[in-house]
Amino acid sequence: MEYVYAALILNETEEEINEENITAVLDAAGVDVEESRVKALVAALEDVDIEEAIETAAAAPAPATGGAGGEVETADDDDEEEAAEEEAADEDDDEDEEADGEGLGALFG
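Residues numbered from 1 in each chain as written. Predicted model: local features only at pLDDT ≥ 70, side-chain atom pairs only at ≥ 80, totals over all residues. Heavy atoms only, no water.

As named in an unreviewed UniProt entry, the chain is Large ribosomal subunit protein P1, taken from Haloferax litoreum. Taken from UniProt, the Function (unreviewed entry) comment for the chain reads in full: "Forms part of the ribosomal stalk, playing a central role in the interaction of the ribosome with GTP-bound translation factors." (UniProt positions renumbered as here; feature names shortened; annotations may be inferred.)

As for the overall build of the chain
Looking only at helices and strands, the chain has 5 helices and 0 strands in total. Start at the N end of the chain and walk to the C end: the helices and strands fall as α-α-α-α-α. The buried share of the chain, taken over its 109 residues, is 10%. For the chain, restricting intrachain contacts to residue pairs at least 6 apart in sequence, the fraction spanning at least 24 positions comes to 43%. Surface accessibility of the chain: about 8,800 Å² in total, with carbon and sulfur atoms responsible for 49%. (Helix = DSSP H or I, 4+ residues; strand = E, 2+ residues; numbered from the N terminus. Buried < 20%, exposed > 50% of the residue type's maximum accessible area, 1.4 Å probe, protein only. Contact = heavy atoms within 4.5 Å. Areas by Shrake-Rupley, 256 points an atom, 1.4 Å probe, with all protein chains shown as cover.)

Topic: unusual backbone geometry
We note that Glu14 has phi near 60°; this positive angle belongs to a residue other than glycine. Mapped onto the elements of the fold, Glu14 is located in the loop between α1 (2-12) and α2 (19-28). Overall, Glu14 belongs to the exposed group, its relative accessible area being 75%.

Some words on the packing of α2 against helix α3 (residues 35-44)
With their axes 9 Å apart at the nearest point, α2 and α3 run at an angle of 125° to one another. On the basis of the axis angle, α2 is oblique to α3. Handedness of the crossing formed by α2 with α3: right-handed. Mapping the contact onto sequence places Glu19, Ile22, Thr23 and Leu26 in α2 and Val38, Lys39, Leu41 and Val42 in α3. Considered class by class, the residues forming the contact of α2 with α3 number 5 nonpolar, 1 polar and 2 charged. (Axes fitted to C-alpha atoms, helices over the stretch in contact; angles between N-to-C directions. Parallel < 35°, antiparallel > 145°, perpendicular 65-115°, else oblique. Left-handed = near helix turned anticlockwise from the far one by under 90°. Nonpolar A, V, L, I, M, F, W, Y, C, P; charged D, E, K, R; others polar.)

What to know about the nonpolar core
Membership of the largest hydrophobic core is limited to 9 residues, which are Tyr3, Ala6, Ala7, Leu10, Ile22, Leu26, Val38, Leu41 and Val42. Contributions of two or more residues to this core are made by α1, α2 and α3. Sorting elements by how many residues they give to this core places α1 first, with 4 residues. (Core = buried A, V, L, I, M, F, W, Y, C linked by side-chain atoms within 4.5 Å.)

Quick look at α2
Three- or four-residue spacings in an α-helix give side chains the same orientation, since the helix completes a turn every 3.6 residues. Between the side-chain oxygen of the N-cap and the backbone nitrogen of Glu20 there are 3.3 Å, and the N-cap of α2 in question is Asn18. Directly beyond the C-terminal end of α2, a positive phi value near 80° is found at Gly30. (Polar contact = N/O pair within 3.5 Å; in protein donor to acceptor, adjacent residues only side chain to side chain.)

Considering a negative patch on the surface
Among the surface-exposed residues, Glu12, Glu14, Glu15, Asp49, Glu51, Glu52 and Glu55 lie close enough to one another that they form a single negatively charged patch. Looking at which element gives the most residues to the negative patch, the answer is helix α4 (residues 50-59), with 3 residues. One can find Glu12 in helix α1. Since its relative accessible area comes to 63%, Glu12 is described here as exposed. (Patch = residues over 30% accessible without salt bridge, like charges linked within 9 Å, V, L, I, M, F, W, Y side chains within 5 Å. Salt bridge = Lys/Arg side-chain N within 4 Å of Asp/Glu carboxyl O. Lys, Arg positive; Asp, Glu negative; His and termini not counted. Charge placed at Lys NZ, Arg CZ, Asp CG, Glu CD.)

Okay, structure coming up:
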């Protein structure tokens, strides 16, 4: 990721995105630079309009959360799920406490 960040920094400061500049940014950040990764990044970004890519990514809608079936959850569904999770957690805690006591009794018994 830091290689891409270096390219974004160079783009933001209107510097040329080349191997020398990316290496300089990464060196300044204390990254152990791999020349092959720098070359691959420069080659990959050669025909890319970074500003357009950023605008396109920023304009893309966020993926909807929820099930794979495409159902939309309502606030009531969330409340019901939270209540069920809390009940399950309380039951697990009770069972854990009972199991813990059984093990100690065997030590002294």
